[in-house]
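Here are the chains, one letter per residue:
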Amino acid sequence: DVAIPLGVFVVVTGVSGSGKSTLVHDVLYNGLRRLRGDWKAKPGRFRAILGAELVDEVTLVDQSPIGKTPRSNPATYVKAFDGIRQVFAQTRAARVRGLTPGHFSFNVPGGRCETCQGAGVVKLEMQFLADLYLECETCGGKRYKREILEVRFRGASIYDVLQMTVDEAYDLFRDFPAVTQKLQLLRDVGLGYLRLGQPATTLSGGEAQRVKLAAHMGNRPGKHVLYIFDEPTTGLHFDDIRKLLACFDRLIEAGNSVLVIEHNIDVIKNADWVIDLGPEGGDSGGRVVATGPPEAIAANPASHNGSLPETRFEAEGGVKNLLVTGKPGVGKTTAILRALQLTGVRARGFTTAELRGPRGRIGFELRTLDGRTDTLASVDFPGPPRVGKYGVNLSALERLGVPEIEAALAENTLLVVDEIGKMELFSHAFRDAILRALDSPVPVLATITKASHPVAQRIKMRPDVQLVEITPSNRNSVVEDVLVPWIRNVTAG
């Protein structure tokens, strides 16, 4: 038997042939679909799937193509092209000609080239060879009639827009949220370089998978969907993996569950729960070796993951800076304050708290570790329009948190920085001060909510920084076995 928690990020690990795909694809995915009556093939063997009623829908986000014809492309798949056609139909040239959004579609009659029916190419069937696709002589491969191409928005025709990358189109339609919100989804999954009109048949498996992920992120919350991914990091750069993890977090925050088959250590370390299968492959596999949070798997001698040095969660004795991660409300700040109390070490720095004021105004309060509030006062922020999450009044925030950092540097004292990711949103002065602290002999103990946060990803690349994750199940052990020894070591002498 195996328990799969819902509402969190679950990773299934194990050596090749250990039964990961059998469990996730054959048993869970096919079994859930069979219980709903939309899967006729026989699923893998199982006695029962308990709790199936807690999931409204199960979706496999695989690397299969998003379309079988060149007509499908990233813009149409995420519904960004609908908004783009609306924008063109609202131009003065389009209104004079009586054109509607439908005229700017290459999939229906009206504005498309009827010779190629909007494909831009003409298929030449070969009797014994693969079919050939030749550029349409009527439209020159531009898909539309001449009068449609004469309509321009900010100097670009509808064909020009389809030739743009996602990033270029985002800048062109920056004043139209109906378009930019859809394009931002593609940017969030690291596909800002794709052309909007790039045929689906030319996308790699990984690109197709991330286009699907972007489309799912655009769904309105309401249903509890179980999303299943099979090795989504294949072929991805480290920065793309960071973006992928951030997308998983968004799916979970929308009330869904994410289940991933993966070997990548960075993904495993960021999971909320790990199911390790094995112990070996083939006849020696198919058994549950260990389950639990990543640090529990790393400590289990029966798990192959635990033998990898990258999965060790204890702080190394010589590391100068420590970055504590964990979900909101898990007790990161409480753990640090408790460790400081146990060691009796005096430190500089501050804790943070979000405050809500009248009319939904948001405040961000900083309190120094010695209880002073006069040097770092609370700051309230106006409502929309906003820059980032907290507002547009950035001038009042330029020195927020900087005095405590400068005091720690002057006194050569342990520096504690709460929510370093949010603080960097406020000012360049704060970011510069943090970089000076990281480069100095002063040890830095910081917290951040997500290990996939861009700030965390940037900082953890430094050889003098180590990440430690806090969960409800390991908070006490992190305080006693990691934070207290580390504080005593970096402040000794």
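You'll find the structure just up there.
Just so you know, these numbers come straight off a predicted model, no measurement behind them. Counting starts from 1 at the beginning of each chain's written sequence and moves along it residue by residue. With pLDDT at 70 or above as the cut-off, local features in this predicted model cover only qualifying residues; side-chain atom pairs require 80 or more to be listed or tallied, and sums for whole chains, interfaces and linings still use all residues. No hydrogens and no water enter the side-chain calculation; it runs on all heavy atoms of the structure.

Participant: Explain the sheet that holds strand 6 (residues 257–261) here, please?
Facilitator: Either a parallel or an antiparallel arrangement is found when strands of a sheet pair, and the pairing is made through backbone hydrogen bonds. Spatially, the 6 strands line up as an open sheet ordered 2-5-6-1-7-8, and their pairing is mixed. A single partner strand is all that each edge strand has here, and the edge strands are strand 2 (57–61) and strand 8 (287–292). Within the sheet, the average angular offset between the axes of one strand and its neighbour, ignoring direction, is 20 degrees. When DSSP finds two or more bridges between a pair of strands, those strands are recorded as paired. We count a stretch as a helix when DSSP gives it H or I for four or more residues in a row; a strand needs E for two or more, and each element gets its number in order from the N terminus. Of the strand pairs in this sheet, strand 5 (residues 225–230) and strand 6 are connected by 5 bridges, and their pairing is parallel. Convention adopted: a line fitted to C-alpha atoms gives each axis, helices being fitted over their contacting stretch, and angles between N-to-C directions are expressed from 0 to 180 degrees.

Participant: Sorry, what's going on with the nonpolar core here?
Facilitator: In globular proteins that are soluble, nonpolar side chains generally tend to be buried together. Nonpolar cores are built from buried Ala, Val, Leu, Ile, Met, Phe, Trp, Tyr and Cys residues. Side-chain atoms within 4.5 Å join them into one set. The cut-offs for exposure are 20% and 50% of the maximum accessible area for each residue type, with area from a 1.4 Å probe on protein chains only; residues under the lower value are buried, those over the upper are exposed, and the others partly exposed. If you look at the biggest cluster of nonpolar residues, it comprises 67 residues, and the most contacted ones within it are Phe 9, Ile 84, Phe 88, Phe 104, Ile 158, Phe 173 and Phe 229. It is helix 10 (residues 238–253) that provides the largest number of residues to this core, a total of 7 residues. Residues within four places of Phe 9 in sequence aside, it is in contact with Leu 245, Phe 248, Ile 252, Val 258, Val 260, Val 267, Asn 270, Ala 271, Asp 272 and Trp 273. Counting 23 residues, the second-largest nonpolar core is a separate cluster that includes Phe 350, Val 402, Ala 456 and Val 465. Contacts are assigned to residue pairs with any non-hydrogen atoms lying within 4.5 Å of each other.

Participant: Can you walk me through the pairing of strand 14 (residues 444–448) in this structure?
Facilitator: Along a regular strand, successive side chains alternate from one face of the sheet to the other. Among the 5 residues of strand 14, 5 are classified as buried, and the element is accordingly described as predominantly covered. In strand 14, alternate side chains face the same way, and those of Val 444, Ala 446 and Ile 448 on one face and Leu 445 and Thr 447 on the other are all buried. Where strand 9 (residues 321–325) and strand 14 come together, 5 bridges link them in parallel fashion. Of the residues in strand 14, the one forming a bridge with Asn 321 is Val 444. Relative to strand 14, strand 13 (residues 415–417) is paired through 3 bridges, and the arrangement is parallel. Residue Leu 415 lies in a different strand from strand 14, and its bridge partner there is Val 444.

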